[in-house]
Amino acid sequence: MQAATANAPNHVWRKCKNVIMQSLTFVCAILVITPLVMVFYHLVWQGFTSINWEFFTQLPKPTGETGGGIGNAIVGTFILLAEAALVGIPVGVLGGVYLSEYGSTRLNWAIRFAADILNGVPSITWGIVVYALMVVPMHGFSALAGGVVLGMMMIPLVMRTTEEVLQLVPNGYREAALALGIDKWKSIIQIVIPAALRGIVTGILLALARVAGETAPLMFTALGNQYWSHKLTEPMAALPLQIFNYAISPYDDWHRQAWAGALILLLLVLTTNVGVRFLARDRFAKRKH
Amino acid sequence: MSTEGVARQRSPDFSQSRRQPTIVKNSVRNRFGDRAFKLITLVMALSIFALVVLIGIELLGGSGKAIHKFGWHFLFSSSWDPISDDYGALPFIFGTIVSSAIALVIAVPISVATAVYLTELAPRALSQVLIMFIELLAAVPSVILGLWGVFVMVPWLRSHLFPWLQDHLGFLPLFQGPIYGVSMLAGGIIVAIMIIPIITSVSREILQSVPGLQREAAYALGATRWEVTRIAVLSYAKKGIFGAVILGLGRALGETMAVTMVIGNSPQIVKSLFAPGYTLSSVIANEFNEATGSLYPSALFEIGLVLLGVTVLVNALAQLMLKAFAGPIVKPQN
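Along every chain, residues carry numbers that run from 1 in the direction the sequence is written. Chain A is the first chain written and ligand 1 is the first ligand written, with later ones labelled in order. Owing to the predicted nature of the model, reporting of local features is limited to residues with pLDDT of at least 70; listing and counting of side-chain atom pairs is limited to 80 or more, with chain, interface and lining totals taken over all residues.

Description of the overall build of chain B
Logical step 1: In this description a helix means any DSSP run of H or I spanning at least four residues, a strand means any run of E spanning at least two, and both kinds are numbered starting from the N terminus. From N to C terminus, chain B includes twelve helices and two strands.
Logical step 2: In chain B, the succession of helices and strands from N to C terminus is α-α-α-β-β-α-α-α-α-α-α-α-α-α.
Logical step 3: Residues are called buried when their C-beta atom has 20 or more other C-beta atoms within 10 Å, exposed when it has 12 or fewer, and partly exposed otherwise; all C-beta atoms are positioned from the backbone. Per-residue burial over chain B gives 46% buried out of 334 residues.
Logical step 4: Remark: residues whose backbone-derived C-beta atoms lie within 7 Å of one another are considered to be in contact. Sequence separation of at least 24 residues holds for 77% of the intrachain contacts in chain B that already meet a minimum separation of 6.

Below, the structure written as C-alpha cells:
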C-alpha cells in the first residue's frame, strides 16, 4: 500500500512528462516546416502578379525603366543545365556503375568517402576553382565555365545515387545474365542499368534541380548577362544570378522582378522534387524494407 | 574468397570438355569488352579523386602570393584593407564560427526533436507529409531563402524579435547595441533554416536504424513512450545524431548566398549579435569579381582555401562518425 501511494504522483508526473514531450516535439516539427510555408506564401503573394507573357519573353529593361522580363535568364539557366548534364551524367552514372558492379572494397570505400566530402564542399569554393581553371586561361567569363562548374558539382551527387539504386537490383538478374553466357559489360548495360533506370533518372533530376538553384558558383564563371546570348564563350544570364542581382539592387521594380523570378525558380525546383517522387516508386524499393 | 576457391577446383573438369576451343575464343573476345568497359567506369569513378586534387591545386595556386606575403599571420590579423594591400582573415573566421554556432544552437534541438517526432511519435500519414515538406525545404535554393530573408525576415526581426530580446535579455552583452536588422543573429537564423532539413533527415535515418528490440525491451519494463524514446532510442543513437549535427555544421560553415544577403557584410569583431558581421564565404561572394591587383584576389583565394580546409575536416569527421555508427547496425542485418 505504502509503495502504491508513493508511486502514484510519480506515475502521474511520468505521464504528464510524456504528454509534454510529445507536444513539444510536435511543435518543433511544425516550426521546421513554417519557413517553407512562409517562403512559398510570400513568393506567391509578391511574385505572382508580376508573372506574365512579357516577363518570360522580354529582356531586362535598363536601370530606371519599369517593366521588361527575364527571358534571357530562363533560357540561360536551361542552357547551363544542359551543359552540366553533359558533364555530370556520363561521369556520375559510369562512376556509379563502377562502385556498384566492380571495384575492391577498399578502393570503393575511398571513392565513396571522397564523393561524400565533395558533396560538402561549399559551392562558392567550386566557383573560384573553376574561375582559376577556365576563366583565367580563356581570358573571360563564359557560359562554358558556368556549365562545367555545375556539372562538376553534379558528379558526386549522381555517382552516389546511381550506386545506391544499382545495389537494389537483385543479384539474380546479374547471375541469370552471366549464366546465359552474356558478357558482364553487356549484362550491365542491357539488364542491370535498365532495371534501375527509374532510380538513376530520379537521381539525375534531383541533382539537376539542386544545381539549378546554385548562385555562388555562377558568379565567377557565367557571370550573368543583360542580353540574349547563345554563345558558350560569352557570359550568360541565369535565373539565380538575376534574382540575386535584383534583390540587392535599390530599385522597387527590380525587387518585384526578383520575387517573380524566385517564384519561377522555386516552382521549377519543387515540381522536379515532387515529380520524381512518383517516378521514384521503384520496383525494387519495396524489397529493401 | 571461398567461392573462388571452389570455382578454381572445379575448372579443370570444364576445361577438359570438347567445347573448350569455343569457350576460350569467346572469353578472349569477352575479356576485351569487359576490360574496356571496366576501365572506362574506373576512370569515371577515379575522377572523384581528380576533382579533389584539382580543388586543392587551384586554391593553393591562387593563394600562393597571399600565403607567401602573410604566412600564418593571415589567420590572426583582423585588418582587411584593399587600399594598402593588407589582408587578414580573422573577422571572417569569427563571423563564420559565430553564425554557424548560432545556427547550431537553434537547429540542433529543433531538428532532433522533429526527427524524434517523425520516427517515434507521429501518426504515419502525418509523418509522411511532414517528411515531404522537410525534403522540399532542403531543396529551396539558397538565393531564394536569402531574398525572403532580406525582405520578410529581417524587417520582422528588426521590429519584433530583436527589440523583444533586448528588453528581456538585454543584460547580456550579446543582446546590446543598436539594432539594424541585418546582423550576425539574422545570418545565424537563416543558416539554421538551411541546415535543419539536413540534420533532421540524417537523424531520422539514424533513429530508424535503432533496432526495434531496443524499444520493445523498454516498453516491457513499463516505460512511457517518451521514456522509451529517451532511454532506449536517443541514448542508443547518440553518436549517430552527433554525426548528423557535425554534418549540419559542415553545411553551415559553407553556406553563402542567403548569409551574404542578411548578415550585413561588415568585417568587425564585436560582442553584440545585433551588429553586422561577415563570413568567409560572403567575402568571396561580394568582393571576388571586384578584386583588382594581384594580392587582393590571392587573399580571397586563401580565404577560399581556409573555408575548404575547415569544411573538409568537419565533413570528414561527420562521415567517419556516421559510418562508424552505421557499421555495427547494418552488418548483423546482412
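Notes on the overall build of chain A
Logical step 1: Helix and strand counts for chain A come out as 13 helices and zero strands.
Logical step 2: Each helix (α) and strand (β) of chain A, taken in turn from the N terminus, gives the series α-α-α-α-α-α-α-α-α-α-α-α-α.
Logical step 3: Here the radius of gyration uses the C-alpha set of atoms, whereas the globule reference equals 2.2 Å times the residue count to the power 0.38. Taken against the 2.2 N^0.38 rule, which gives 19 Å for 289 residues, the C-alpha radius of gyration of chain A at 25 Å runs more than 25% over that of a compact globule.
Logical step 4: Over its C-alpha atoms, taken along the principal directions, chain A stretches across nearly 85 × 65 × 35 Å.
Logical step 5: Here chain A, with 289 residues, has 49% of them falling under the buried criterion.
Logical step 6: Pairs at least 24 apart in sequence give 74% of the contacts found in chain A among residues at least 6 apart.

Re the nonpolar core
Logical step 1: Ranked by internal contacts, the top residues of the largest apolar core, which has 193 residues, are Ile243 and Ala262 of chain A together with Ile144, Ala186, Ile190, Ile195 and Val262 of chain B.
Logical step 2: Discounting chain neighbours no more than four positions away, the residues touching Ile190 of chain B are Leu145, Gly149, Met153, Ala258, Val259 and Val262 of chain B. By convention the nonpolar core is taken to be a set of buried residues drawn from Ala, Val, Leu, Ile, Met, Phe, Trp, Tyr and Cys and joined through C-beta atoms within 7 Å.

Focus: helix 4 (residues 90-121) of chain B
All names here are of chain B.
Logical step 1: Expected span of a helix, by definition, is 1.5 Å for each gap between consecutive residues, and there is one gap fewer than residues. Look at helix 4: 45 Å from first C-alpha to last across 32 residues, which is about the 46 Å you get at 1.5 Å a residue.
Logical step 2: Its axis deflected by about 30 degrees at Ala107, helix 4 carries its strongest bend there, up to four residues before the proline Pro109.
Logical step 3: For helix 4, the buried fraction is high: 25 of the 32 residues fall into the buried class. Axes are fitted to the seven residues ending at a residue and to the seven starting at it; the angle between these axes is taken as the bend at that residue.

Here we look at unusual backbone geometry
Logical step 1: At His139 of chain A, a residue that is not glycine, the phi angle is positive and equals roughly 55 degrees.
Logical step 2: For His139 of chain A, a count of 7 C-beta atoms within 10 Å gives the class exposed.
Logical step 3: Phi at Asp85 of chain B takes a positive value of approximately 55 degrees, unusual for a residue other than glycine.
Logical step 4: Mapped onto the elements, Asp85 of chain B comes out in the loop between strand 1 (80-81) and strand 2 (86-87).

Description of the interface of chain A and chain B
Logical step 1: Contacts between the two partners involve 68 residues from chain A, matched on the other side by 74 residues from chain B.
Logical step 2: Among the elements that line the side of chain A that touches chain B, the one with the most residues is helix 1 (residues 2-47) of chain A, at 18 residues.

Things to note about the packing of helix 12 (residues 252-279) of chain A against helix 6 (residues 142-169) of chain B
Logical step 1: Close contact between helix 12 of chain A and helix 6 of chain B brings their axes to 10 Å; oriented N to C, the two are set at 145 degrees. You can see that helix 12 of chain A and helix 6 of chain B cross each other, and the crossing is left-handed. Across the interface between the two elements, His255, Ala258, Ala262, Leu265 and Leu266 of chain A of helix 12 of chain A pack against Ile144, Leu147 and Phe151 of chain B of helix 6 of chain B.
Logical step 2: Here the residues of the contact of helix 12 of chain A with helix 6 of chain B sort into seven nonpolar, one polar and no charged. Axis definition: a line fit to C-alpha positions, over the contact stretch in the case of helices; interaxial angles, taken between N-to-C directions, run 0 to 180 degrees. A crossing counts as left-handed when the near helix is turned anticlockwise from the far one by less than a right angle, and as right-handed when that turn is clockwise. Charged means Asp, Glu, Lys or Arg here, nonpolar means Ala, Val, Leu, Ile, Met, Phe, Trp, Tyr, Cys or Pro, and polar covers whatever is left, Gly included.

What to know about the packing of helix 4 of chain B against helix 9 (residues 225-254) of chain B
All names here are of chain B.
Logical step 1: Following both chains from N to C, one finds helix 4 and helix 9 inclined at 145 degrees, their axes separated by 9 Å at the closest point. Our pair here, helix 4 against helix 9, has a crossing hand that is right-handed. Residue-level inspection shows Thr96, Ser100, Ala103, Leu104, Ala107, Val108, Val112, Val116, Glu120 and Leu121 of helix 4 in contact with helix 9, the latter providing Arg225, Thr229, Val233, Ile241, Val245, Gly248, Leu249, Ala252 and Leu253.
Logical step 2: Here the contact of helix 4 with helix 9 is built from residues that sort into 13 nonpolar, four polar and two charged.

Some details on the confidence of the model for chain B
Residues and elements named next belong to chain B.
Logical step 1: Of the residues in chain B, 89% have a pLDDT of 70 or more, and the chain-wide mean is 88.
Logical step 2: Here helix 1 (residues 2-15) is the element of chain B with the lowest mean pLDDT, 44, and helix 4 is the one with the highest, 96.
Logical step 3: Every residue gets a pLDDT, meaning the predictor's confidence in that residue, from 0 to 100. Counting contacts from residues 1-22, a segment whose pLDDT is below 50, to residues more than four positions away or on other chains yields one contact.
Logical step 4: Scored below 50 in pLDDT, residues 329-334 shows one contact in the model against residues more than four places distant or in partner chains.
Logical step 5: Predicted complex metrics record ipTM = 0.91 and pTM = 0.90.

Observations concerning the environment of Gly61 of chain B
Logical step 1: Looking at the element boundaries, Gly61 of chain B is found in helix 2 (residues 20-70).
Logical step 2: Gly61 of chain B gets classed as partly exposed once you count the C-beta atoms within 10 Å, which come to 13.

Here's the deal with the environment of Asn265 of chain B
Residues and elements named next belong to chain B.
Logical step 1: Inspection of the secondary structure assignment puts Asn265 in the loop between helix 10 (257-262) and helix 11 (280-287).
Logical step 2: Owing to 20 C-beta atoms within 10 Å, Asn265 belongs among the buried residues under this scheme.
Logical step 3: Sequence separation between Asn265 and Asn286 is 21 residues, and the spatial gap between their C-alpha atoms is 8.5 Å.

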